[in-house]
Amino acid sequence: WNTIIVSVATVVLVILLGVPCAYALSRFRLPGARVVLTVLLIMRMIPVVALAIPLFAVFASIGLLDTLTALVLTHTAAKLPVAIWLLMGFIQDVPRELEESAKIDGAGTLRLLVQIVSPLIAPGVGATAVITFLFTWNDLLVALTLSSSEAAQTLPVGLTNFVSQFGIDWGAMSAAGVLMVIPTLIFVWFAQGLLVKGLMSGAVRG
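What you see is a predicted model, and the numbers here were worked out from it, not measured in a lab.

Asks: Help me get a handle on the overall build of the chain, residues and values and all.
Replies: Scanning the chain from terminus to terminus reveals ten helices and two strands. Going from N to C terminus, the chain has its helices and strands arranged as α-α-α-α-α-α-α-α-α-β-β-α. Projected onto the principal axes, the alpha-carbon positions of the chain cover approximately 70 × 40 × 30 Å. Looking at the 206 residues of the chain, the share that counts as buried comes to 36%.

Asks: Account for the packing of aromatic side chains, with residues named and values stated.
Replies: By convention here, two paired aromatic rings are described through the distance between centres and the angle between planes. For the structure on display, the rule yields two aromatic pairs. Ring centres 5.7 Å apart and planes at 85 degrees place the aromatic pair Y23 and F28 in the edge-to-face group. Overall, Y23 belongs to the buried group, its relative accessible area being 4%. Relative accessible area serves as the criterion here: at 35%, F28 is assigned to the partly exposed category. Each ring, one from F133 and one from W137, has its centre 5.5 Å from the other, and the planes form 25 degrees; the classification is stacked. Of this pair, F133 and W137 both sit in helix α7 (residues 122-137), four residues apart, roughly one helical turn. Take F133 and W137: they sit in the same class, and that class is buried.

Asks: Go over the nonpolar core, please, and point to the residues and values.
Replies: Within the largest apolar cluster, 29 residues are counted, with the highest numbers of intra-cluster contacts made by L25, I84 and I121. Counting only elements with at least two residues in this core, the list comes to α1 (2-27), α2 (33-45), α4 (68-92), α6 (109-120) and α7. Dropping the residues within four chain positions of it, L25 is found in contact with L30, A33, V36, L37, L40, I84 and M88. Counting residues in each nonpolar core, the second largest holds nine residues, with F59, A70, V72 and L146 among its members.

Asks: Mind laying out unusual backbone geometry, listing which residues take part and the relevant values?
Replies: With phi around 65 degrees, D66 is a residue other than glycine that occupies positive phi space. With respect to the secondary-structure elements, D66 resides in the loop between α3 (48-61) and α4.

Asks: Run through a nonpolar patch on the surface, naming residues and quoting values.
Replies: Taken together, the side chains of W1, I4, I5, V8, V12 and L16 make up a nonpolar region of the molecular surface, amounting to roughly 630 Å² of accessible area. Tracing the backbone shows L16 in helix α1.

Asks: If you had to explain the environment of V6 to someone new, which residues and values would you point to?
Replies: The residue V6 is located in helix α1 in this model. Sequence separation between V6 and T136 is 130 residues; the distance between their C-alpha atoms is 7.7 Å. Dropping the residues within four chain positions of it, V6 is found in contact with L68, L71, V72, H75 and T136.

Asks: Describe the packing of α1 against α6, and please don't skip the residues or the numbers.
Replies: The geometry of α1 relative to α6 is characterised by a closest axis approach of 12 Å and an angle of 105 degrees between their N-to-C directions. Here α1 lies roughly perpendicular to α6, going by the angle between them. Contacts between α1 and α6 pair V19, P20 and Y23 from the former with T109, L112, L113, V117 and S118 from the latter. Here the contact of α1 with α6 is built from residues that sort into six nonpolar, two polar and no charged.

Asks: Go over α7 with me, naming the residues and quoting the values.
Replies: Here α7 is 16 residues long and its end C-alpha atoms lie 22 Å apart, about the 22 Å a rise of 1.5 Å per residue gives. Here α7 has its buried residues at P123, G124, G126, A127, T128, A129, V130, T132, F133, T136 and W137.

Asks: Describe the environment of A151, listing the residues and the values that go with them.
Replies: For A151, the location among the structural elements is in the loop between α8 (141-146) and α9 (155-159). Accessibility expressed as a relative area gives 58% for A151, which makes it exposed. In sequence terms A151 and D66 are 85 residues apart; their C-alpha atoms lie 7.7 Å from each other. A151 has contacts with N2 and L68, leaving out every residue within four places of it along the chain.

Asks: Break down the packing of α4 against α7 for me, citing the residues and quoting the values.
Replies: When two helices pack together, their arrangement is given by the angle between the helix axes and by the axis-to-axis distance. Contact geometry for α4 and α7: axes closest at 10 Å, N-to-C directions at 155 degrees. With respect to their mutual orientation, α4 and α7 come out roughly antiparallel. Judged by the twist between their axes, the crossing of α4 over α7 is right-handed. Across from H75, K79, A83, L86, L87 and F90 in α4, the residues of α7 making contact are G124, V125, T128, I131, T132, F135 and T136. Grouping the amino acids of the contact of α4 with α7 by side-chain chemistry returns seven nonpolar, five polar and one charged.

Rules behind the numbers
Residues numbered from 1 in each chain as written. Predicted model: local features only at pLDDT ≥ 70, side-chain atom pairs only at ≥ 80, totals over all residues. Heavy atoms only, no water. Helix = DSSP H or I, 4+ residues; strand = E, 2+ residues; numbered from the N terminus. Buried < 20%, exposed > 50% of the residue type's maximum accessible area, 1.4 Å probe, protein only. Phe/Tyr/Trp six-rings, centres within 6.5 Å; stacked < 30°, edge-to-face > 60°. Core = buried A, V, L, I, M, F, W, Y, C linked by side-chain atoms within 4.5 Å. Contact = heavy atoms within 4.5 Å. Patch = residues over 30% accessible without salt bridge, like charges linked within 9 Å, V, L, I, M, F, W, Y side chains within 5 Å. Areas by Shrake-Rupley, 256 points an atom, 1.4 Å probe, with all protein chains shown as cover. Salt bridge = Lys/Arg side-chain N within 4 Å of Asp/Glu carboxyl O. Axes fitted to C-alpha atoms, helices over the stretch in contact; angles between N-to-C directions. Parallel < 35°, antiparallel > 145°, perpendicular 65-115°, else oblique. Nonpolar A, V, L, I, M, F, W, Y, C, P; charged D, E, K, R; others polar. Expected span 1.5 Å × (residues − 1). Left-handed = near helix turned anticlockwise from the far one by under 90°.

Just distances and angles here, no functional claims.
Here you go:
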């Protein structure tokens, strides 16, 4: 349940934050937009292992260490740059004429984003959600660094419990690994339509 909560919460936050950010960077002439895009790219280039100790220190100082909140915030910050870059590509493919027509009819920016743009980039949102979910679900390093008790441990960390000083319980670990894969298969199965459309759109765009 910890893994489900962290993965789903991360996906929801990444989509809710990523879509407006990508729309603003794609449609508005914001001062320093290039700097923001460069920073987002640099953030993604930094390996998570380099941030493990700083993250541990920060969450320990604010009392969020060994909580699901710390895992959700960390994964959201790590996955958001990639999500914004992906969503920007899909938003830029939406014809501006559709938005201009809606503006003539009196639609505001929020309505444009929710009722016009979001439905058209649904394949991109689906692909972004799947990628975010899979990377969050399978993460070991962040969960191992920020959790120390079963209250905040996720499945990848739980698999390490089968390794002891006396050896590795390969049978139990293999069984647990198979069970760990099942939810991801179910998630991808339901999202495969949007995922395929998103990947095809990206291929056509390229």
